[in-house]
Amino acid sequence: MTYYPLTKEQRSLKDLAAQLAMAELAPRAAETDKSGVFPRASLNGLKESGLWGLRVSKEHGGLGADLLSTCLVVEELAKKCASTAMCYKMHVEAAELISRMPSDYQVEKFVKKIAAGEILCTVAGGETSGKGDNWVPGMVLSSVEKGEEGYILDHLRKSYVTSAGQASHYFMLCRVGAETKGHKLSALFIEADNIEWETLGDWNGLGMRGNNSVPIRFNGVVPEKNRIGDEGEALKYLGAVMMPVVALTYGAAYLGVASGAYELAMEEASKVYPSGAKRLDNPINQRRMAELSAKIEAARALLHVAAAAGDAGQVTAPLPYLQAKVSCSEVAVLVTQELMTMFGGTAFAGRLPFERYFRDARAGMIMGLANDDAYQTIYGMLFPEKKK
Ligand SMILES: Cc1cc2nc3c(=O)[nH]c(=O)nc-3n(C[C@H](O)[C@H](O)[C@H](O)COP(=O)(O)OP(=O)(O)OC[C@H]3O[C@@H](n4cnc5c(N)ncnc54)[C@H](O)[C@@H]3O)c2cc1C
């Protein structure tokens, strides 16, 4: 259900996404998960409808979708194939800043091409170090030097980059100059065709198996005109401009994992077995399905209210976005784990795809802002430290 009252435009984008998810993503989802092959065909299937330019303004050829529509679209895609939805979500996220605050050069060179489906982008944000990509508390992102022709990336490595080696453009964060403080980040839009890059290793994730979220190393020069906004000011834009889309689309993707699994459960649990019984005859399952429906609607309601409040310009701090993100990812874990129990051996043996949803859901707890980290941020907003 979608209780939040939708406009005609929001409903039609939701319907479009649902229809494309069914036609383009659903038939390939099992194979994408099994083989781990990047879901290029599924992503291409979203191109013609204009979904690659979902958040690009209509003035620049995009669909000009608001935050609520964006959540509706991502949820519908994730219901059918979480891997494709996550690659798509990272594309929408990577396109956000440059679409919101492009230079004239960037409008022609990038934004209109995103709208036309000629650019598939992704986010090369995080960095971890050590052989096993160890946790680095208080991580400081790598620095680049500024030369005459632009920013020099000297074998700069980013970890866990969804669509690595598949995207044509990378939204990347770095410091300019080795002495620059960790919070003085700059945002660059890297053209894969104009730089050396190599992906490192294979992606063999527990879930999101089509993502190709492997490390990537860049070597070369990125022209200054590919920088988004002012040098050293990216964190300001991330908070004010990008955060709503980053957090809400994570929420939407994981909500889609929960609601996709739930919809499948509704269908399967109502089937009558040769014995004449169905899973829904069992009062435990009746209660389970009722309870899960309430949890999904609660998470969805928060997501939609947060998005609508953002669209109305009523959000001053990212608190509702992060609360929605953690709620949706946790509901995905809860729903999929319960359905693994409800569908017993059939689910465990992979005869029905609940185990795929279950594995995909796990990524929601650690992706983007990992939930433990998100809760720390939420706490900090609720109980700000008094300045001494
Ligand atoms: C499928 C997948 C796709 C991804 N795609 C991308 C992508 O496209 N682009 C990109 O830039 N990144 C991507 N990532 C990286 C993702 O954002 C990171 O996994 C995430 O930031 C967490 O970092 P980590 O995996 O190194 O976990 P760690 O930092 O090792 O965190 C593990 C645990 O440590 C604890 N922890 C860590 N930091 C804190 C903190 N500050 N406060 C409290 N507890 C903490 C938490 O318990 C957390 O769950 C992807 C990851 C996955 C799994």
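Residues numbered from 1 in each chain as written. Predicted model: local features only at pLDDT ≥ 70, side-chain atom pairs only at ≥ 80, totals over all residues.

(A) Expanded view of the overall build of the chain. Along its length, the chain carries 11 helices and 8 strands. Over its C-alpha atoms the chain spans a radius of gyration of 21 Å, differing by no more than 12% from the 21 Å that the globule rule assigns to 388 residues. Oriented by its inertia axes, the alpha-carbon framework of the chain measures out at about 75 × 50 × 45 Å. Per-residue burial for the chain yields a buried fraction of 46% across its 388 residues. Considering only contacts within the chain whose residues lie at least 6 apart along the sequence, 75% involve residues at least 24 apart. (Helix = DSSP H or I, 4+ residues; strand = E, 2+ residues; numbered from the N terminus. Rg over C-alpha atoms; globule rule 2.2 N^0.38 Å. Buried ≥ 20, exposed ≤ 12 C-beta atoms within 10 Å, placed from the backbone. Contact = placed C-beta atoms within 7 Å.)

(B) Here's a closer look at the packing of helix 7 (residues 283-311) against helix 8 (residues 319-342). Relative to each other, helix 7 and helix 8 sit at 160°, their axes nearing to 9 Å. Classed by the angle they form, the pair helix 7 and helix 8 counts as roughly antiparallel. Of the two elements, helix 7 crosses helix 8, and the hand of that crossing is left-handed. Here N285, R288, L292, K295, I296, A299, L302, L303, A306 and A309 of helix 7 lie close against helix 8, whose contacting residues are P320, Y321, Q323, A324, S327, C328, V331, L334, V335, E338 and M342. Partitioned by chemical class, the residues of the contact of helix 7 with helix 8 number 15 nonpolar, 3 polar and 3 charged. (Axes fitted to C-alpha atoms, helices over the stretch in contact; angles between N-to-C directions. Parallel < 35°, antiparallel > 145°, perpendicular 65-115°, else oblique. Left-handed = near helix turned anticlockwise from the far one by under 90°. Nonpolar A, V, L, I, M, F, W, Y, C, P; charged D, E, K, R; others polar.)

(C) Molecular detail of helix 10 (residues 354-362). Burial within helix 10 is extensive, with 7 of its 9 residues counted as buried. All of the buried residues in helix 10 are F354, E355, R356, Y357, F358, D360 and A361. On its buried face, helix 10 is in contact with helix 1 (8-35), helix 4 (82-100), helix 6 (234-269), helix 8 and helix 9 (344-348).

(D) Highlighting helix 6. Between its first and last C-alpha atoms helix 6 spans 49 Å; for 36 residues at 1.5 Å apiece the expected length is 52 Å, and the two agree. Maximal helix bending in helix 6 amounts to about 70°, located at M242; proline P244 follows within four positions. (Expected span 1.5 Å × (residues − 1). Bend = angle between axes of the 7 residues up to and from the residue.)

(E) Examining the domain arrangement of the chain more closely. Taken as a whole, the chain is organised into domain 1 (8-120), domain 2 (123-233) and domain 3 (235-382). Domain 2 and domain 3 are separated by 29 Å when their C-alpha centres are compared. Every contact between the two is made by 8 residues of domain 2 and, on the other side, 7 residues of domain 3. Residue composition of the side of domain 2 that touches domain 3, grouped by class: 4 nonpolar, 3 polar and 1 charged. (Domains from an automatic or database assignment.)

(F) Spotlight on the nonpolar core. If you look at the biggest cluster of nonpolar residues, it comprises 111 residues, and the most contacted ones within it are L77, F171, L248, A253, V257, A258 and L303. At 16 residues, helix 6 tops the list of elements feeding residues into this core. In contact with F171, not counting residues within four places along its chain, are A94, L97, C121, V123, A124, A187 and F189. (Core = buried A, V, L, I, M, F, W, Y, C linked by C-beta atoms within 7 Å.)

(G) Structural context of the pairing of strand 3 (residues 150-161). As paired elements, strand 2 (residues 143-147) and strand 3 share 3 bridges and run antiparallel to each other. Paired with E145 across the two strands is I152, which belongs to strand 3. Adjacent in sequence and paired antiparallel, strand 2 and strand 3 are bridged by 2 residues. Sheet analysis places strand 3 next to strand 7 (residues 214-222), joined by 7 bridges and oriented antiparallel. By the bridge assignment, V161 is partnered in strand 7 with V214. (Pairing = 2+ DSSP bridges.)

(H) Focus on the pairing of strand 7. In this sheet, strand 7 lies alongside strand 6 (residues 196-199) in antiparallel orientation, the contact comprising 4 bridges. Paired with E196 across the two strands is N219, which belongs to strand 7.

(I) Examining the environment of G62 more closely. Mapped onto the fold, G62 is located in the loop between helix 2 (40-44) and helix 3 (67-80). Taking the C-alpha atoms as reference points, G62 and G50, separated by 12 residues in sequence, lie 6.9 Å from one another.

(J) Molecular detail of unusual backbone geometry. In this structure, M208 takes a positive phi of about 45° despite not being glycine. Relative to the assigned elements, M208 resides in the loop between strand 6 and strand 7. Given 28 C-beta atoms within a 10 Å radius, M208 is considered buried. Notably, N212 is not glycine yet its phi reads approximately 55°, a positive angle. Secondary-structure assignment places N212 in the loop between strand 6 and strand 7.

(K) Main features of the environment of R279. With respect to the helices, strands and loops of the structure, R279 is situated in the loop between helix 6 and helix 7. Counting along the chain gives 30 residues from R279 to A309, while the straight-line C-alpha distance between them is 40 Å. Sequence-distant contacts of R279, defined by excluding residues within four places in its chain, comprise A269, N285 and M342.

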